[in-house]
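# Working through the structure, step by step
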Amino acid sequence: MEIEGESAEEQILSLTQQLEQLKEEKHLLEASYEKALTSLADSEAKMETLQGELKLAHDQMTTMWEELGRQQVTNPLSPLPHPESSPELPVQCTLCGDNMRSPDTLSKPSERQRDVENHSNYCSANSNDLPVASSVPSVAMGTDALIVSVTRAPSAAATWAPFKVVTKSGASWMNGRHFNVYRSQGDFQWLFEALQEECPERIVPPLRAQISLHATVAEFQRFMSRLANHRIFCKHHLFILFLSGSLEDIQSARAKHHPLSRQPGQETLFHSNQDKHSGALVIAKEYLSALEHNLTGLLREMESSGTHADCPASYWFRNISEAEPNNTYLKEAASSLCRVCADMEQHQAESDEAHVICQNLESILSYLRAALSLLSRVEQAVDRFLYWDEEVRICEEVVQDNDNDGEDSGLSEASEPPANQRSTEATACCQESKDYLEMMCRDLAPELANFDYQKEVELRSVFLEYAALFCEKFQR
């Protein structure tokens, strides 16, 4: 009986220990459950905060765009193109008058791109059967409005001119007429090179080679839109000929056109005493170089899908914001995107569709490098003028010394000394370099202002697309 009593007590003791152990496990499970609930609540709060940040960034972009538009209205240096008529925000087809893109800037970028391509293919193939729009788009038909649309040509014309260029304009220099012309890739390349040769004092929009036909059409559209939005190129005789001339006119112009000899000679030299560390030209070049560096880094980060942990997207957005000298739209938008990207990078919430906007960012980078090229040409013109100005001063001193020596020795002046010939040549080169420098600088400030505004418009479109990608990520 005692053995049986001890055995019962041992069982009771074992059961009691198991019960205590179960109670401890229950407490641990309850604590883990409460911790999980707290973490879930924190995650939901952080998600709401990030969504609020995204909405705030979008609102700030919209507000800064409106302020930029109001400021541009007061600036007569360049006309204000409506945002819907910018290269990346077309809303109405010039062939049929239908909407080509949704006005909702937060709609899915890949869907918008597919809609545009499908509409372009259908509208171009059936352009002869489509009724002409009763009126041009009301948002862009001001006195000097110029709308250019590039699409694929119908199959019948694709072999000899695969691109259709449709122009609608109320401008006086276009006589208020609309034009439908067909152009080849060589015609676009000719226009680009001819404008570069005739207008070295301008920022000619880039024309990059593309692999696919769709990418080529998009590049030609950007090229045409930038020229149409430029206050000088939109009136240039070559651009007007390209938009309105027949194929025979274009071929004749390509055969007969001889660019003006306005480029400096190959003897351009460097003036060692020039101050390279101050001045408005140096400041502008440093700003553009810094922006090019930051945009290049941002592009590489987007192309690599966030694999560069040392320099994520937030790093490049912060650099872009800090490099802005004034409180511009670009500064505010980049700062907002920097905060949003930093929060999302902590949660490893990178978007998988950032490559959609890489083509647009590459095009803006090429446009930025074209502006840097203009500043380099201005620097070379300054160096050349300073060199020949110094050369003229030295030659004058040599001629004066020779004249004094000739009077003392009584030499005849029948033959002109070599020093006088050198002085005459230096004076002619100095005058030529001065004229060229004046031509390069005469319209430099308005040209840079026009580029700066166009750059802001296009970067606004890219940044809004980038913010839309993150909104899609949250929705999924």
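Residues numbered from 1 in each chain as written. Predicted model: local features only at pLDDT ≥ 70, side-chain atom pairs only at ≥ 80, totals over all residues. Heavy atoms only, no water.

### Regarding the overall build of the protein
- A tally of regular secondary structure across the protein gives 12 helices and three strands.
- By residue count, 44% of the 476 residues in the protein fall in the buried class.
- At a minimum sequence separation of 6, the contacts of the protein that also span at least 24 residues come to 74%.
- For the protein, the computed accessible surface area is about 25500 Å², with 52% contributed by carbon and sulfur atoms. (Helix = DSSP H or I, 4+ residues; strand = E, 2+ residues; numbered from the N terminus. Buried < 20%, exposed > 50% of the residue type's maximum accessible area, 1.4 Å probe, protein only. Contact = heavy atoms within 4.5 Å. Areas by Shrake-Rupley, 256 points an atom, 1.4 Å probe, with all protein chains shown as cover.)

### Description of the state of the cysteines
- Counting across every chain of the model gives zero disulfides.
- Left without a disulfide partner, cysteine 341 is nearest to the cysteine sulfur of cysteine 338, which lies 7.4 Å away.
- A residue is classified by how much of its surface remains accessible, and cysteine 341, at 2% relative accessible area, is buried.
- Of all cysteine sulfurs in the structure, the one in cysteine 430 sits closest to cysteine 429, which takes part in no disulfide; the separation is 8.8 Å. (Disulfide = S-S within 2.5 Å.)

### Notes on the packing of aromatic side chains
- One pass over the structure, following the stated rule, counts 10 aromatic pairs.
- Taking 4.9 Å as the distance between ring centres and 80 degrees as the angle between the ring planes, the aromatic pair formed by tyrosine 315 and tryptophan 316 counts as edge-to-face.
- By relative accessible area, which is 27% here, tyrosine 315 ends up partly exposed.
- Put simply, the rings of Phe163, Phe188, Phe220 and Phe242 touch in pairs and so form one group of aromatic residues.
- Sitting over the face of the ring of phenylalanine 242, arginine 183 holds its NZ or CZ atom 5.4 Å from the ring centroid. (Phe/Tyr/Trp six-rings, centres within 6.5 Å; stacked < 30°, edge-to-face > 60°. Lys NZ or Arg CZ within 6 Å of the ring centre and 35° of its normal.)

### Regarding the confidence of the model for the protein
- For the protein, per-residue confidence averages 75 on the pLDDT scale, and residues scoring 70 or more make up 65% of the total.
- Predicted confidence for residues 72-92 stays below pLDDT 50, and this span has 49 contacts to residues more than four positions away or in other chains.
- Taken as a whole, residues 127-142 scores under 50 in pLDDT and shows 22 contacts with residues more than four places along the chain or in a different chain. (pLDDT = per-residue confidence, 0-100.)

### With respect to the pairing of strand 2 (residues 163-169)
- Counting buried positions along strand 2 gives seven out of seven residues, so the element sits mostly inside the fold.
- Where burial is concerned, the two faces of strand 2 agree: the one with Phe163, Val165, Thr167 and Ser169 and the one with Lys164, Val166 and Lys168 are both buried.
- Here strand 1 (residues 146-152) runs beside strand 2; their pairing, made up of seven bridges, is antiparallel. Paired with threonine 151 across the two strands is lysine 164, which belongs to strand 2.
- Pairing of strand 2 with strand 3 (residues 179-183) involves five bridges; the strand directions are antiparallel. Along strand 3, the bridge assignment pairs phenylalanine 163 with arginine 183. (Pairing = 2+ DSSP bridges.)

### Examining the packing of helix 3 (residues 185-198) against helix 4 (residues 213-229)
- Running from N to C, helix 3 and helix 4 point in directions that differ by 40 degrees, and their axes come no closer than 12 Å. Overall, the two elements helix 3 and helix 4 adopt an arrangement that is oblique. Between helix 3 and helix 4 lies a crossing whose hand is left-handed. Counting all contacts with helix 3, which are made through Gln185, Phe188, Leu191, Phe192 and Leu195, the residues of helix 4 involved are Phe220, Phe223, Met224 and Leu227.
- Broken down by class, the residue content of the contact of helix 3 with helix 4 amounts to eight nonpolar, one polar and no charged. (Axes fitted to C-alpha atoms, helices over the stretch in contact; angles between N-to-C directions. Parallel < 35°, antiparallel > 145°, perpendicular 65-115°, else oblique. Left-handed = near helix turned anticlockwise from the far one by under 90°. Nonpolar A, V, L, I, M, F, W, Y, C, P; charged D, E, K, R; others polar.)

### Observations regarding the packing of helix 8 (residues 313-323) against helix 9 (residues 329-346)
- Here helix 8 crosses helix 9 at 160 degrees, and the two axes come no closer than 8 Å. Taken together, helix 8 and helix 9 sit at an angle that is classed as roughly antiparallel. Of the two possible hands of crossing, helix 8 and helix 9 adopt the one that is left-handed. Residue-level contacts link Ala313, Ser314, Phe317, Arg318, Ile320, Ser321 and Glu322 of helix 8 to Leu330, Lys331, Ala334, Ser335, Leu337, Cys338, Cys341, Ala342 and Glu345 of helix 9.
- Partitioned by chemical class, the residues of the contact of helix 8 with helix 9 number nine nonpolar, three polar and four charged.

### A few points about the environment of glutamate 362
- On the secondary structure map, glutamate 362 appears in helix 10 (residues 358-409).
- Sequence separation between glutamate 362 and leucine 299 is 63 residues; the distance between their C-alpha atoms is 7.4 Å.
- Aside from chain neighbours lying at most four places away, what touches glutamate 362 is Arg208, Leu299 and Glu303.

### Quick look at the pattern of salt bridges
- The full count for this structure, using the stated rule, is 17 salt bridges.
- Here arginine 231 and aspartate 443 are joined by a salt bridge, their closest N and O atoms 2.7 Å apart. Separated by 212 residues along the polypeptide, arginine 231 in the loop between helix 4 and helix 5 (237-244) and aspartate 443 in the loop between helix 11 (418-442) and helix 12 (444-475) bring together distant segments of the chain. Neither arginine 231 nor aspartate 443 differs from the other in exposure class; each is buried.
- Linking lysine 455 and aspartate 452 is a salt bridge whose minimum nitrogen-to-oxygen distance equals 2.9 Å. (Salt bridge = Lys/Arg side-chain N within 4 Å of Asp/Glu carboxyl O.)

### Comments concerning the nonpolar core
- Core analysis: the largest hydrophobic core is formed by 55 residues, its most contacted members being Leu288, Leu295, Leu298, Phe317, Leu361, Phe463 and Tyr466.
- Looking at this core, the elements that each hand over two or more residues are helix 7 (280-303), helix 8, helix 9, helix 10, helix 11 and helix 12.
- Among the elements that line this core, the one with the most residues is helix 10, at 17 residues.
- Judged by nonpolar contacts, the second largest core, of 33 residues, contains Leu191, Leu195, Val217 and Ala253. (Core = buried A, V, L, I, M, F, W, Y, C linked by side-chain atoms within 4.5 Å.)

### What to know about helix 11
- Across its 25 residues, helix 11 extends 36 Å between first and last C-alpha, which sits within 8% of the 36 Å expected from 1.5 Å per residue.
- Of all the positions in helix 11, only Ala419, Ser423, Ala426, Cys429, Cys430, Ser433, Tyr436, Leu437, Met439 and Met440 are classed as buried. (Expected span 1.5 Å × (residues − 1).)

### Looking at the sheet that holds strand 2
- One open sheet holds the three strands; their spatial order is 1-2-3, and the pairing between them is antiparallel. Since the sheet does not close on itself, it has two edges, and those belong to strand 1 and strand 3, each with one partner. In this sheet, neighbouring strand axes are inclined to one another by 20 degrees on average, regardless of whether the strands run parallel or antiparallel.
- Packing against the sheet, helix 4 makes contact with strand 1 and strand 2, and its axis sits at approximately 170 degrees to strand 1.

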